[in-house]
Amino acid sequence: AALANITEYLHQTSRLLLAVALTASSHAWRKTNWKVQPSEASKIIASSYRQRYGNEHARESVNFTEAENNDLAAKLSDEDIGGVLVCLGAVREIISVALTHC
């Protein structure tokens, strides 16, 4: 519960990137063909993300264009974005993804 409370102070993009970082390095996602299972800490963060932003919103879209820092959004790698989508179970749930500079 403490981790979920701490992440309440993070912007949604930072919250999701933290979930990815607590599971594996960005490059590990691609090396394992996106088969990395989210850690327990990542599952807690993803769950708090869904609670904070509502199940319907969290399940329908992920918006990387709303990052609190445009430089951060522009520097996200395919692995970073892919890791976030895996942590959220995007294959089953996400309908759209908004990216910066696309």
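Residues numbered from 1 in each chain as written. Predicted model: local features only at pLDDT ≥ 70, side-chain atom pairs only at ≥ 80, totals over all residues. Heavy atoms only, no water.

Focus: the overall build of the chain
The number of helices and strands found in the chain is 8 helices and 2 strands. Starting at the N terminus and walking to the C terminus, you meet the elements of the chain as α-α-α-α-α-β-α-α-α-β. Within the chain, buried positions represent 40% of all 102 residues. As displayed, the chain offers around 6,000 Å² of accessible surface, 52% of which is attributable to carbon and sulfur atoms. (Helix = DSSP H or I, 4+ residues; strand = E, 2+ residues; numbered from the N terminus. Buried < 20%, exposed > 50% of the residue type's maximum accessible area, 1.4 Å probe, protein only. Areas by Shrake-Rupley, 256 points an atom, 1.4 Å probe, with all protein chains shown as cover.)

Concerning the pattern of salt bridges
Applying the stated rule across the entire model yields 2 salt bridges. We note a salt bridge from E8 to R15, for which the minimum N-O separation is 3.7 Å. Note on R15: relative accessible area 0%, which makes it buried. For E40, the salt bridge is made with K43, and the minimal N-O distance between the two is 3.4 Å. Taken together, the residues span about one helical turn, with E40 and K43 both in helix α4 (residues 40-53) at a distance of 3 residues. (Salt bridge = Lys/Arg side-chain N within 4 Å of Asp/Glu carboxyl O.)

As for the nonpolar core
Generally speaking, a soluble globular protein has its nonpolar side chains buried in company with each other. If you look at the biggest cluster of nonpolar residues, it comprises 17 residues, and the most contacted ones within it are L16, W29, V62, F64, V84 and L88. The set of elements that each furnish at least two residues to this core consists of α2 (12-21), α4 and α7 (78-87). Once residues lying within four places of it in the same chain are set aside, the contact partners of V84 are L16, L17, V20 and F64. (Core = buried A, V, L, I, M, F, W, Y, C linked by side-chain atoms within 4.5 Å. Contact = heavy atoms within 4.5 Å.)

A short note on the environment of T32
Secondary-structure assignment places T32 in the loop between α3 (26-31) and α4. Side-chain polar atoms of T32 contact the backbone oxygen of A28, separated by 3.0 Å. (Polar contact = N/O pair within 3.5 Å; in protein donor to acceptor, adjacent residues only side chain to side chain.)

Details of the packing of α2 against α7
Working note: a packed helix pair is described by the angle between its axes plus the distance between those axes. Running from N to C, α2 and α7 point in directions that differ by 90°, and their axes come no closer than 9 Å. On the basis of their axis angle, the class for α2 and α7 is roughly perpendicular. Where α2 approaches α7, its residues L16, L17, A19 and V20 are matched on the opposing element by D80, G83, V84 and C87. Here the contact of α2 with α7 is composed, by residue class, of 6 nonpolar, 1 polar and 1 charged. (Axes fitted to C-alpha atoms, helices over the stretch in contact; angles between N-to-C directions. Parallel < 35°, antiparallel > 145°, perpendicular 65-115°, else oblique. Nonpolar A, V, L, I, M, F, W, Y, C, P; charged D, E, K, R; others polar.)

Details of the environment of A98
Inspection of the secondary structure puts A98 in strand β2 (residues 96-98). With relative accessibility at 29%, the residue A98 sits in the partly exposed group. Sequence-wise, A98 and N63 are 35 residues apart; in three dimensions their C-alpha atoms are separated by 4.6 Å. Ignoring sequence-local partners within four residues, the contact set of A98 consists of V62, N63, F64 and T65.

It is worth stressing that arrangement in space is one thing and function is another; only the former is reported here.
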